[in-house]
Each structure stands twice: as C-alpha cells, then as structure tokens.
Amino acid sequence: VPELPEVEQTVRELRPVLEGATINRVVVRRRRLRRLLPRDFEARLEGTTVRALGRRGKYLVAALSSGETLVMHLGMSGSFEVWTSNAPPPGKHDHVLFQLGSGATVVFNDPRRFGSMQIHSGHGDPLLGLLGPEPLDSAFDARALATSLCRRRTTLKAALCDQRVVAGLGNIYVSEALYRARLSPRRRCGTLVTPAGGPRPALRRLARAIRETLTDALAGTGEDDGRFRVYGRDGLRCRRRGCPGRIRRIVQGGRSTFFCPVCQR
Ligand SMILES: [Zn+2]
C-alpha cells in the first residue's frame, strides 16, 4: 500500500512528463474507482496544461492552467505508468489514460480500484485542508507533533495513522518509526506530551525517527525486502544491537502492527 515515500517517488517520476504538458485527451475506461468519476471529468481536463505537480500527504496534486486542481490518491494498489507514442493496448486494470500533447500517455492502473481522482475549483480542496503537518517539511518538529497529538486519547499507532495528526504515514512507516524511536505502538499519546502541551524527550525522539524513516525510504531502492526493520518480520530477531527480543505482530484497529516488545516501551 503506497505511503508518503512511494507517493513522493511517483510524483518525482511523473513531474518531468506532466509539468508543462497539455492534456489533449482523457480516456476513462472505468468510471467506478473508489468513487464515481464525475460526468464532466474529461471535459474539465482536456485542453488544460499541468502547471505544477506536487504532493500533500498521500495525495498527488496537479495545478491546472484552468485554475482547477486535480487531486489523485493511489488507494491500495494504484500506480502510474508512462507510455510513449507506440504504446501497447491498455490492459484490464488501466482505468484512466491521459494523452499528452508531447505524444506520451500517462496511464492510471489500479487492480483493486480504491484509488481516486477528483477535480476541485481553485486550491480549495477541503480534504487537503484537514491534513496534518508534512513530516518532511522543515517546519515539522516535536513541537508541531505535540500540538497535533496533545488532545488524542488513542494509542500512538492509531494517532500516527490518522492523517490529521501527521500526513502521509500508514501501517508500514508508523511501525518503522516507532521502532526507531523505541516506543511501543500501544503507548498512549498523552504520555509523550507535558501538561502544558509541549513535547517530552520521547516525542522529540519520535519526530526525529519519523523524518529519518521517511528520508531513508526515499533514498532506498525500494525493491529490497530487507529495508524494513520490523514490518513483516514477526517471529524474527530484533535487529537492535544487544536486544534479545523477537518481533511481534499485533492487530490494532483492524490493521497489523509490528514491534519489539523488549526494546519498545
Ligand atoms: Zn528489540
């Protein structure tokens, strides 16, 4: 399931193809993604130029010359491919095709169809406004995290998966960041914040661990299974030097969490 590093990688790959490109034609082969694509989806995109492609949380955000914004989410299994002019016929899961003035086609493929595409007038996507801080922004630190965590009564795992607390994290990178910070996913948010709402030392560790986890994931090849320290490693030895623990998998809120019960407190 794509999280911040995978979405950021997708944006970096699409940016040179899409930025400055005119969308000549949009072919929708399947209207029912996570939601139904609006009836005027094609008409609002055709003839516009992509001014800029960016990311907010797990969303790809394309600013269009029409003044509108195309907001896309990869869902569980969505991905983009770029086809050159002599492309193969589209496959079963190639749901949306953007034919560009350059001759290239950007194709959205999504077997499980949990992805979404929406067009908003102006920058006014109410959804994006609800998202928490961007963990790779320079403004993100323990204080910012304390502000968004302080009123939460949940576990750290649940809070960090909540896009309103911090944008872009999911199951995988929350497990990884908590491991790096030596914090239990079952710990309560309130234990990391002072009565005045400021960050305790453990929260400073967590903010740093989130940044490092994401930065490393972005720098990595993304192909090697060994890149995860806890995710998917249940039953295996903890990799922390001197720790005798074994990684455990538990289910929180219906989703898997991986952690070391010995060194994560
Ligand atoms: Zn351990």
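Throughout, a residue's number is its position along its own chain's written sequence, starting from 1. In view of the model being predicted, local features appear only for residues whose pLDDT reaches at least 70, and side-chain atom pairs are presented and counted only at 80 or more, with totals across whole chains, interfaces and linings using the full set of residues. Hydrogens and waters are ignored; side-chain quantities use all the structure's heavy atoms.

S.K.: Got a minute to help me understand the sheet that holds strand β1 (residues 23–28) in this structure?
M.R.: Sheet strands line up and pair through hydrogen bonds in the backbone, either parallel or antiparallel. When DSSP locates at least two bridges between a pair of strands, those strands are taken to pair. Only DSSP runs of H or I covering at least 4 residues are called helices, and only runs of E covering at least 2 are called strands; the numbering of each starts at the N terminus. Strand order in the open sheet made by the 4 strands is β1-β6-β7-β5, with antiparallel pairing throughout. Taken across any chain shown, the strands that pair with only one partner, and hence form the sheet edges, are β1 and β5 (79–83). Within this sheet the neighbouring strands show an average axis-to-axis angle of 20°, counted without direction. Note that β5 and strand β7 (residues 105–109) share 5 bridges and pair antiparallel. Directly across from tryptophan 83, in β7, lies its bridge partner threonine 105. The contact criterion used is simple: two residues touch if any of their non-hydrogen atoms lie within 4.5 Å. As a rule, the C-alpha atoms of each element are fitted with a line to give its axis, helices using only the stretch in contact, and angles between N-to-C directions run from 0 to 180 degrees. In this fold helix α1 (residues 4–18) packs onto β5, β6 (94–100) and β7, with an angle of close to 35° to the strand it touches most, β5.

S.K.: Whenever I open this one, the coordination of the zinc ion confuses me. Can you help?
M.R.: Around a metal, the perfect tetrahedron of four donors has angles of 109.5 degrees, and the perfect octahedron of six donors has angles of 90 or 180 degrees. Distances up to 2.8 Å from the metal define which N, O and S atoms are donors, and 3.2 Å serves for Na, K and Ca; water is absent from the atom set, so sites may look incomplete. Coordination of the zinc ion by the protein involves Cys238 (SG), Cys243 (SG), Cys260 (SG) and Cys263 (SG), with metal-donor separations of 2.3 Å. All geometry calls rest on donor angles, where a four-donor set with angles between 85 and 135 degrees is tetrahedral, four- and six-donor sets with opposite donors more than 155 degrees apart and all others between 65 and 115 are square planar and octahedral, and all else is irregular. In this structure, the zinc ion is coordinated by 4 donor atoms arranged in tetrahedral fashion, with angles at the metal of 104 to 115°. Between consecutive donors of the zinc ion, the numbers of intervening residues give the motif C-x4-C-x16-C-x2-C. Here cysteine 263 lies in the segment after β10 (255–259) and cysteine 243 lies in the loop between α7 (201–219) and β9 (248–252), a separation of 20 residues in the sequence. Under the scheme applied here, a residue whose accessible area is under 20% of the maximum for its type counts as buried, over 50% as exposed, and between as partly exposed, the area being computed with a 1.4 Å probe on protein chains only. Residue classification places cysteine 263 among the buried positions, given a relative accessible area of 13%.

S.K.: I tried to follow helix α6 (residues 171–180) on my own but got confused; where do I start?
M.R.: Since there are 3.6 residues in each turn of an α-helix, residues three or four apart along the chain are aligned in direction. α6 sits mainly inside the fold: 10 of its 10 residues count as buried. Positive phi appears at arginine 182, one or two residues downstream of α6, with a value of about 60°.

S.K.: Could you clarify how one ought to interpret the nonpolar core in this entry?
M.R.: Generally speaking, nonpolar side chains in soluble globular proteins are found buried as a group. Definition used in this section: a nonpolar core is a set of buried Ala, Val, Leu, Ile, Met, Phe, Trp, Tyr and Cys residues joined via side-chain atoms within 4.5 Å. Leu145, Leu160, Leu206 and Ile210 are the most contacted members of the largest nonpolar core, which has 31 residues in total. Mapped by element, the contributors of at least two residues to this core are α4 (142–149), α5 (156–161), α6 and α7. At 8 residues, the largest contribution of residues to this core is made by α7. If we skip the residues at most four places from it in the chain, leucine 160 touches Leu145, Val166, Leu169, Val174, Leu178, Leu206 and Ile210.

S.K.: Is there a simple way to think about the environment of valine 26 in this case?
M.R.: Inspection of the secondary structure assignment puts valine 26 in strand β1. The class of valine 26 is buried, set by a relative accessible area of 5%. For the pair valine 26 and aspartate 94, spaced 68 residues apart in sequence, the C-alpha to C-alpha distance is 12 Å.

S.K.: Is there a simple way to explain the pattern of salt bridges in this structure?
M.R.: Pairing between side chains of opposite charge can happen when their charged atoms approach one another. Salt bridges are defined as contacts in which a side-chain nitrogen from Lys or Arg sits within 4 Å of a carboxyl oxygen from Asp or Glu. Across all of its chains, the model carries 12 salt bridges by this definition. Two residues, arginine 55 and glutamate 8, come together in a salt bridge whose shortest N-O distance is 2.7 Å. Of the two residues, arginine 55 is situated in strand β2 (residues 50–56) and glutamate 8 in helix α1; the sequence distance between them amounts to 47 residues. Classification of arginine 55 by relative accessible area gives buried; the value is 18%. Since its relative accessible area comes to 11%, glutamate 8 is described here as buried. Residue arginine 180 pairs with glutamate 212 through a salt bridge whose shortest N-O separation is 4.0 Å.

S.K.: How do you make sense of the pairing of β7 when you look at a structure like this?
M.R.: Regular strands have side chains that alternate between both faces of the sheet. Within β7, 5 of the 5 residues are buried, leaving the element largely enclosed by the surrounding structure. What you see with β7 is no split at all: Thr105, Val107 and Asn109 on one side and Val106 and Phe108 on the other are buried throughout. Direction of pairing for β6 relative to β7: antiparallel, over a ladder of 5 bridges. Bridged to aspartate 94 within β7 is asparagine 109. Joining the antiparallel neighbours β6 and β7 is a turn of 4 residues, in which glycine 103 adopts a positive phi near 100°.

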